[in-house]
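Close look at the chain arrangement
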Amino acid sequence: RGPGNHYLSLGLLLLLPLLPECLGAEGRLAHRLFHDLFANYTSALRPVADTDQALNMTLEVTLSQIIDMDERNQVLTLYLWMRQEWTDAYLQWDPDDYGGLDAIRIPSSLVWRPDIVLYNKADAQPPASASTNVVLRHDGAVRWDAPVITRSSCRVDVSAFPFDSQRCGLTFGSWTHGGHQLDVRPRGSGAGLADFVENVEWHVLGMPAQRRVLTYGCCSEPYPDVTFTLLLRRRAAAYVCNLLLPCVLISLLAPLAFHLPADSGEKVSLGVTVLLALTVFQLLLAESMPPAESVPLIGKYYMATMTMVTFSTALTILIMNLHYCGPSAHPVPAWARAFLLGRLARGLCVRERGEPCGQSRPPKSPPSPQPPEGGAGPTAGPCHEPRCLCHQEALLRHVATIANTFRSHRAAQRRHEDWKRLARVMDRFFLGIFFFMTLVMSLLVLVQAL
C-alpha cells in the first residue's frame, strides 16, 4: 500500500455524501421537465402545429409466436410486438435547459396516441390498450412499444392438405384519421422474425409488409393502411405418418385379393375389410378438416382409393362366378379362347401344371360324342344260340354308351377347367392393373411431401 492509494480512498469517502444530492438533482430536473411539458398539454387533439399537415407515423411489427391456427373457424391467433413512432410537436425541449436530459419515459395514457386498429380482427371484445410506457425524446419523437395478442380472420385453403401453404394478412390502420391527417407507413420491408418461437405445425416463410391507400364508400378521403402478410407452410410429417402412410399400405393390400386362390373363400372378405379400414381413416380426416368447397388432396386420394377398392371387390365377385362355372356351363367363346386363354395367358405366365411359362396354348375344343357306327338299329329279338351275333351287337352298344358317357364327362370337365383357367387369367390381369394404379396414385401424393 502506498500513499497514493491512501489519498484516493480518502477522496472517495468525501464524495459519497454528495452522490444522493446529484441523483436527487437529476430527479428534480425530470420532475420539472414533466411539469413544464404537460402544464398546458392535452392528449385529445392531434399533436401538429399546422392542422392541415398530415402526421407521419411508422409501424413496426415483430412476430413472437403463433398461438393457434383454428382452421375450422378460420381464425389466426398471434403474439406480436408492435412499435409505433411519431413526432409530437408539443412535447419538445432543449436538453441544455434541463441538465442534458434528452429522453424520459412516461405512461402512454398521458400522450396522444394514434388509433391504430386491426381491420380484420375476429374478436368480439373491444381493443385493449397496453399499459406500457412511451419513450419521449427532446425533439418530440415518441416511441411506443407494446405487446399485442391478435385474433384475425384468415381464409384457409385446404385443397392441398397436408402439403398446403397459407397466406394470412393482418391489416393495420387508423379508424378515424384519413390520409390527410395521419399517414401510416411500415418500418422496413416486413415484420421481424428474429425473436420468433418455432411452431410445431407451421413453418414461417416470411411476413412482408405492404402499404395501401384505399377509399371506402363511407368517406371521400383516402385511408392508408399497412398489411403484413404471414406466409405459412404446413409441416406435413405428422400427417404423413398418421393419415397418409396407413392409407397407402392398406390400399396396396386391395389388389392382392386377385392373387388369393378362389377356393380360399377370403377374396371378397379382404376387399370389404380394406374398404372398412379406409372408411375409418376418412372419418378421422373429416373431423380434423374445416368444411370447405374444395376437397383436400388427401381426401381426393382417399376417395380414389375407396373407389378402386370397390371396383376391385366387384370384379372379384364376377371372376369368382367364372371360376365356379359348373360342368353344365357353355363352352368358352372362341374369341376368349384365342385371346384370353392364348395370347394373354402366355403374356401373364398363366399355365397348367408342368407347362413351361410362355408356351401356353389355348385348349382345343373337346370332340363331341359320336354315336356308334351303324346307328341304333332295330333291337334283335331273343336268340337262344350261345354264339349268335346278336349278343355281340348288344355288347358293342353297351360299350358305345359307356364311351359316350365318359366323353361327355370329360368334355364337361374340360369346359369347367377352361372357365377356371379363364378366371385365373383375369385375376392375374387385374392384379397388375390395380397394383400399378395404386402405386402410381400413392407416389403422386407422396412426392408432394418432397
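Residues numbered from 1 in each chain as written. Predicted model: local features only at pLDDT ≥ 70, side-chain atom pairs only at ≥ 80, totals over all residues. Heavy atoms only, no water.

**A closer look at the overall build of the protein**
- Summing up its helical and strand segments, the protein has seven helices and 11 strands in all.
- Partitioning the intrachain contacts of the protein with sequence separation of at least 6 by distance along the chain shows that 78% fall at a separation of at least 24.
- Counting every atom, the protein has about 26900 Å² of accessible surface; 60% of that belongs to carbon and sulfur. (Helix = DSSP H or I, 4+ residues; strand = E, 2+ residues; numbered from the N terminus. Contact = heavy atoms within 4.5 Å. Areas by Shrake-Rupley, 256 points an atom, 1.4 Å probe, with all protein chains shown as cover.)

**What about empty space enclosed by the protein?**
- In the structure shown here, the tally under the stated rule is two cavities of 30 Å³ or more.
- Approximately 40 Å³ is the volume attributed to the largest cavity.
- What lines the largest cavity is simply Ser251, Ala254, Pro255, Thr305, Met308, Val309, Ser312, Phe434 and Thr438.
- It is helix α5 (residues 297–323) that contributes the most residues to the lining of the largest cavity, four residues altogether.
- When grouped by side-chain class, the residues that make up the lining of the largest cavity number five nonpolar, four polar and no charged.
- Size it by volume and the second largest cavity reaches roughly 30 Å³.
- Looking at the second largest cavity, the residues that line it are Ala254, Ala257, Phe258, Lys267, Gly271, Ser312, Thr313 and Thr316.
- Ranked by the residues each element gives to the lining of the second largest cavity, the list is headed by α5, at three residues.
- Grouping the amino acids of the lining of the second largest cavity by side-chain chemistry returns three nonpolar, four polar and one charged. (1 Å grid on protein atoms, 1.4 Å probe; cavity = no way out; pocket = protein on both sides within 12 Å on 5 of 7 lines; lining within 4 Å. Points joined across faces, edges and corners; volume = space filled by probe spheres on them. Nonpolar A, V, L, I, M, F, W, Y, C, P; charged D, E, K, R; others polar.)

**Concerning the state of the cysteines**
- Overall, the coordinates contain one disulfide when judged by the stated rule.
- Note on cysteine connectivity: Cys154 is disulfide-linked to Cys168, with sulfurs 1.9 Å apart. Because the torsion about its S-S bond is -70°, the bridge between Cys154 and Cys168 counts as left-handed. Taken as a pair, Cys154 in the loop between β6 (141–153) and β7 (165–174) and Cys168 in strand β7 lie far apart in primary sequence, 14 residues in all. Pair check on accessibility: Cys154 and Cys168 agree, each one buried. (Disulfide = S-S within 2.5 Å. Buried < 20%, exposed > 50% of the residue type's maximum accessible area, 1.4 Å probe, protein only.)

**A look at the packing of aromatic side chains**
- Inspection of the entire model under this criterion finds 11 aromatic pairs.
- Here Tyr216 and Tyr223 contribute two aromatic rings whose centre-to-centre distance is 6.1 Å and whose plane-to-plane angle is 65°, an arrangement assigned as edge-to-face.
- For Tyr216, a relative accessible area of 34% corresponds to the partly exposed category.
- One aromatic cluster is present, formed by Phe258, Phe429, Phe430 and Phe434 through successive ring pairs. (Phe/Tyr/Trp six-rings, centres within 6.5 Å; stacked < 30°, edge-to-face > 60°.)

**Quick notes on the packing of helix α3 (residues 237–253) against helix α4 (residues 267–288)**
- Where α3 meets α4, the closest approach of the two axes is 10 Å, and the angle between their N-to-C directions is 165°. With respect to α4, the element α3 is oriented roughly antiparallel. Read as a crossing pair, α3 and α4 show a hand that is left-handed. Only Leu270, Val274, Ala277, Leu278, Phe281 and Leu285 of α4 make contact with α3, whose side of the interface consists of Asn242, Leu243, Pro246, Cys247, Ile250 and Leu253.
- Tallied by class, the residues present in the contact of α3 with α4 amount to 11 nonpolar, one polar and no charged. (Axes fitted to C-alpha atoms, helices over the stretch in contact; angles between N-to-C directions. Parallel < 35°, antiparallel > 145°, perpendicular 65-115°, else oblique. Left-handed = near helix turned anticlockwise from the far one by under 90°.)

**Side note on the layout of surface pockets**
- In this structure, the second largest pocket encloses a volume near 390 Å³.
- In terms of lining residues, the second largest pocket is bounded by 16 residues, among which His259, Leu260, Pro261, Arg424 and Asp427 are the most central.
- Mapped onto the lining of the second largest pocket, the elements with two or more residues apiece are α5 and α7 (389–446).
- With six residues, α7 is the largest single contributor of residues to the lining of the second largest pocket.

**Description of the packing of α3 against α5**
- Orientation of α3 relative to α5, taken along the N-to-C sense of each, is 15°, at an axis distance of 11 Å. Judged by the angle between their axes, α3 and α5 are roughly parallel. In this structure, the crossing between α3 and α5 has a hand that is left-handed. Residues Leu243, Leu244, Cys247, Val248 and Ser251 of α3 touch α5, and the partners they reach there are Ile298, Tyr301, Tyr302 and Thr305.
- Across the contact of α3 with α5, the residue classes break down as seven nonpolar, two polar and no charged.

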